[in-house]
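# Structure assessment
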Amino acid sequence: MTSQTDLGLVAQDEGAWRRLWAFTRNLLGYRESGIFIALLVIFVALLIISPTFGSRYNLTVVTLQMATIAIMATGQTLVIISGAFDVSQAAVTGFSAMVTGLLAVNAGLNPFLALGIGLGTGALCGAVNGILAARFKLHPIIMTLATAVIFTSLTYVLSHGEPVLNLPGPLLWMGGGSIGPFPASVAIMLLVVAVMQVLLTRTRFGLRVRQVGGNVEAARLTGVNVAAITLGVFIISGLLSALGALIEMGRIGAALPTIGSTLLFPIITSSILGGTLLSGGEGSMVGTLFGAAVLTIINNALVILQVDPYAQGVAQGGLVVAALIIDQFRRRQLTLRDLIRREL
Amino acid sequence: MSETEVGTRPIVTMRGISKKYANVVALSNVDLRLHSSEIVALVGDNGAGKSTLIKVLTGAVHPDSGVIDIDGKAIAITKPSVAQDLGISAIYQDLALFNNLDASENVFAGREMLRRVLGIPFLRRKKMAQEAYQLLKRLGIVTMSSAKFKTAGLSGGQRQMIAVARAMGMNARVMVLDEPTAALGVRESGILLDLVRTLREQGMAILLVTHRVPDAMLLADRIVVLKGGEVHGELDPQNCVLDDVIELIVRGRVA
């Protein structure tokens, strides 16, 4: 968990209990601690309830499902922190997957080049969103909803709705290959989360994103180029959507026009569960990772525990409502640690 | 009406500044000079054009016409960063703070301390926190134990000092204070006004924008009255009474 380091609250002497209390207090104060505790509780509870859940096979399935969601959700989290939304992510996924698959198989392009162009397609879609949001100041939700329709339509123009099968090996590696004992997609997920967390908390760009999302007027007055930051976050979101597409393509073994169509809701849910403030300015990539884990595990549990498939939506929707209520709560009280500090 | 002549050349000379928003005249042919070691109070009713005038000076608003000379040279202040580079800092009425960021990130906003790794600008968070803490301590915020607190939880006075610390950190020669005491209690106002005097002694040119005419009478070397976007006079607080200033604000002339 990385959040702010602490200068103010380390107790200097006064015995072990006080230090333990200070330590616990600090731990609870991280933005990510709530969702981490929830993850832990749900995980342990499922291990006890269901023998199937803890099996090696099932846990592998869960982490693989989680990888795509978590990767794309870090992009969404960045966009939300900047004060916008990107609901075109799922559409970008289908578009990038089809461009990659068609280039590699139908056009016989070098698979690595095809992967590169696939990622570039995502970044380009992101740039289109970014320019519309930054230059023309369009409302991000409706604007990306519209571009999503455009990207989806282009996907079908290219593919006529047909999947691309018989993908060459390099196109399958990210979703199906492994690095030592680890699935490649999980390794990529951890790398993306780490890079995004560092980008958000340690770099000037990350600070600018938090400034723009926190108080756009103040950002302008202190000389921040708001348009450039908006463009940047949408490009990153598009790029990560394409990365998600390529992993999903490798996992399924084919490029489908509908490849990411069900991902948008889980992605936004992961961001919210992870503590991203919907009004912007606050959020965490590590929290988003935990959010994706909680969401995937709950979805997995619904299947394992043989909950009526028609009723599963109640749980999934309920989870988001719960997360939104927590979001409301957070607007008033940023972290437990801030609350404790204020009392002192 | 009298005018205090300061012998030196002004740092800032604004001449003939005009600005219209659609059909509303915000500023009409406004002149203003600021010298070093001088506090100029800009007073006027709501909608008199005070905010627009300071935003022109800080590069946040572009005038339709008019010239700004800095050290006698005409310079186009096209954006806030140009003003900052010229040594002009502003503390806005709403303070322009980031509630989601901590005190040190607010103090250093726009001029972060950086360390480049592979060309990527990384923040020097520890160094910024230490320096911000020292700066805030010098400004008299003794109640804070670190600069890592979220700004949202701080008092009006603490927030004001963070804004002051930010402006001072920019190596400012000219500081614009927009209603600095509006959100402060009596004791906090006192601390701030003392600080403004100290800054004047250190040679800074200060433009104090305020509703509180008594504050202006107490502190300022000159009081400039703005009404309906025009300068309606300049008063010397030593040679006038409170009522003169208020007459000028309300009626646009002294009886």
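Residues numbered from 1 in each chain as written. Chains lettered and ligands numbered in written order. Predicted model: local features only at pLDDT ≥ 70, side-chain atom pairs only at ≥ 80, totals over all residues.

To continue, consider the overall build of chain A. Each helix and strand counted, chain A has 15 helices and two strands in total. Taking 20 Å as the expected radius of gyration for a compact globule of 344 residues, we find that chain A reaches 21 Å, a close match to that expectation. Here the C-alpha coordinates of chain A stretch approximately 70 × 55 × 40 Å along the principal axes. The buried share of chain A, taken over its 344 residues, is 47%. Taking as baseline every contact in chain A between residues at least 6 positions apart, the subset at least 24 positions apart corresponds to 79%. (Helix = DSSP H or I, 4+ residues; strand = E, 2+ residues; numbered from the N terminus. Rg over C-alpha atoms; globule rule 2.2 N^0.38 Å. Buried ≥ 20, exposed ≤ 12 C-beta atoms within 10 Å, placed from the backbone. Contact = placed C-beta atoms within 7 Å.)

Let's shift gears to the nonpolar core. In terms of nonpolar packing, the biggest core is built from 168 residues, with Ala70(A), Ala41(B), Leu42(B), Ala132(B), Ile206(B) and Leu208(B) touching the most fellow members. With 14 residues, helix α11 (residues 226-252) of chain A is the largest single contributor of residues to this core. Counting contributing residues, this core receives three or more from each of domain 1 (1-87 + 172-255) and domain 2 (97-169) of chain B. Contacts of Ala70(A), omitting those with residues within four sequence positions, involve Met189(A), Val193(A), Ser270(A), Thr288(A), Leu289(A) and Ala292(A). (Core = buried A, V, L, I, M, F, W, Y, C linked by C-beta atoms within 7 Å. Domains from an automatic or database assignment.)

Residue and element names in this part refer to chain A. For the pair helix α4 (residues 89-106) and α11, the least separation of the axes is 8 Å and the interaxial angle reads 60°. Comparing the axis directions of α4 and α11 gives the class oblique. Between α4 and α11 lies a crossing whose hand is right-handed. Of α11, the residues touching α4 (which contributes Gln 89, Val 92, Thr 93, Ser 96, Ala 97, Thr 100 and Gly 101) are Ser 237, Gly 238, Ser 241, Ala 242, Gly 244, Ala 245, Leu 246, Glu 248 and Met 249. Its residues assigned to classes, the contact of α4 with α11 shows six nonpolar, nine polar and one charged. (Axes fitted to C-alpha atoms, helices over the stretch in contact; angles between N-to-C directions. Parallel < 35°, antiparallel > 145°, perpendicular 65-115°, else oblique. Left-handed = near helix turned anticlockwise from the far one by under 90°. Nonpolar A, V, L, I, M, F, W, Y, C, P; charged D, E, K, R; others polar.)

Below, the discussion takes up the pairing of strand β1 (residues 12-21) of chain B. Residues and elements named next belong to chain B. When β1 meets strand β4 (residues 65-70), the two strands line up antiparallel, connected through five bridges. The residue of β4 that forms the bridge with Met 14 is Ile 68. Inspection of the sheet shows β1 paired to strand β2 (residues 24-34) by seven bridges, in the antiparallel sense. The residue of β2 that forms the bridge with Ile 17 is Val 30. Connecting the antiparallel pair β1 and β2 is a turn made up of two residues, with Ala 22 showing a positive phi of about 50°. (Pairing = 2+ DSSP bridges.)

The next thing to look at is the domain arrangement of chain B. Residues and elements named next belong to chain B. Looking at the assigned domains, one finds that chain B contains domain 1 (1-87 + 172-255) and domain 2 (97-169). Computed over C-alpha atoms only, the centres of domain 1 and domain 2 are separated by 27 Å. The partner domain 2 presents nine residues to the ten residues of domain 1 that form the contact. It is helix α6 (residues 186-201) that contributes the most residues to the side of domain 1 that touches domain 2, four residues altogether.

Turning our eyes to something else, we now look at the packing of helix α8 (residues 184-202) of chain A against helix α9 (residues 204-214) of chain A. Residues and elements named next belong to chain A. Interhelical geometry of α8 versus α9 gives an angle of 70° and a closest axis separation of 5 Å. Of the possible angle classes, the one that applies to α8 and α9 is roughly perpendicular. Each of Leu 199, Leu 200, Thr 201 and Arg 202 in α8 lies in contact with α9, whose residues at this interface are Phe 205, Gly 206 and Val 209.

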